[in-house]
Amino acid sequence: MKSKLYTEEELIEILKDKYNDCKEYNIEATDEEINERFNHSIGVKNACLKINEFFNLGLDKDILINMGLLHDYSKFLTIDDYKKLLEIYPNATDENYLTYSSKVHHALLGDLALKHELGINDPIILNAIKYHSTGNKNLDIYSEVLMLADYTEETREGDSFKNARSVLYESNDPINIKKALCYILSSKIKHIKARGFSLVNETYYAYLEYKPYLDNPLDRCKQILRAIDHNLVKDICIYDVHDRSPLYDYVIVSTAVSNKSKDAVISYLRAEFDLRSVEEGEFWTLVDLNDCILHVFSNDARSEYNIDRILSEARKINIE
Ligand SMILES: [Fe+2]
Ligand SMILES: [Fe+2]
């Protein structure tokens, strides 16, 4: 049987109708949320096409358009709606789904709504939509693209989304697809844990699958630099010390703009990384990030201790 695919125009109409239904029936969805959701869906469709082109993946554009526009179709379903779907498809998910964050229900059960309400039966689209939020250790390329597009589309604001975009579009080497997925999964895991929700096992297994791609000191050094707001520190120098130090691969030296900005840098880093230790002094703070170490000096202390001179024989590296 030929898979049911819609044209872009039909899909826009489907989404508009769906979101109008929400306005009528779902008192929890405000107009603003519905507009945001609509724009996000357009953004994800555009991002799917952009990733396909940027990495020259040669994927089917109609599939990308359908999965991008429909990926959050079930976003505004209620728990009762999900229960009804599970009565129709009783083996569709595991029995723990109600313990997961409600944010993942629309994905884990989203394929059922698309099958039931729109007659979508393309396994590539259904699989990509089912796992676009949680991930899965066996993601195919379409599922990878959808998960990336969902996180990196242009209407998403916030450091974590911006950082994921930087990792993904660093160059058109397809390895950046894997690196960005690792970054996204690790951010999701931190976010879920911080809020006390159960982690869907698939997310953790997916993270382990992608972890080796972003598990080298230079990538971590780049992530650290992205996590630091460059308005808070200045004169950042990065030294490659892997052949000089048994403990670290990179030393990052910076000068805090003020005492408050030093505190802000450390809290940014705590939110993103597991810090091995933080030694806070009045004028000099040392943050141990396993294979990278970050020095944050006050203006005077940087020239007084002159650590840059001590490191002057190490290779200085430039990271954009
Ligand atoms: Fe979603
Ligand atoms: Fe989404």
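Residues numbered from 1 in each chain as written. Chains lettered and ligands numbered in written order. Predicted model: local features only at pLDDT ≥ 70, side-chain atom pairs only at ≥ 80, totals over all residues.

(A) Spotlight on the overall build of the protein. A tally of regular secondary structure across the protein gives 15 helices and 6 strands. A principal-axis box enclosing the C-alpha atoms of the protein has dimensions of 70 × 40 × 35 Å. In the protein, which comprises 320 residues, the proportion classed as buried is 37%. Relative to all contacts within the protein whose residues are 6 or more apart in sequence, the contacts with residues 24 or more apart total 62%. (Helix = DSSP H or I, 4+ residues; strand = E, 2+ residues; numbered from the N terminus. Buried ≥ 20, exposed ≤ 12 C-beta atoms within 10 Å, placed from the backbone. Contact = placed C-beta atoms within 7 Å.)

(B) Geometry of the environment of Y151. Looking at the element boundaries, Y151 is found in helix 8 (residues 141–152). In this structure Y151 comes out as buried when scored by C-beta crowding, with 24 C-beta atoms within 10 Å. Considering only alpha carbons, one finds Y151 and Y19, 132 residues apart in sequence, at a separation of 21 Å.

(C) Region of interest: the nonpolar core. If you look at the biggest cluster of nonpolar residues, it comprises 51 residues, and the most contacted ones within it are C48, M67, L148, A180 and L181. Once you skip the residues sitting within four places of it in the chain, M67 turns out to touch C48, I125, A128, I129, Y142 and L146. Listed in part, the 19 residues of the second largest apolar core include I228, V233, Y250 and V296. (Core = buried A, V, L, I, M, F, W, Y, C linked by C-beta atoms within 7 Å.)

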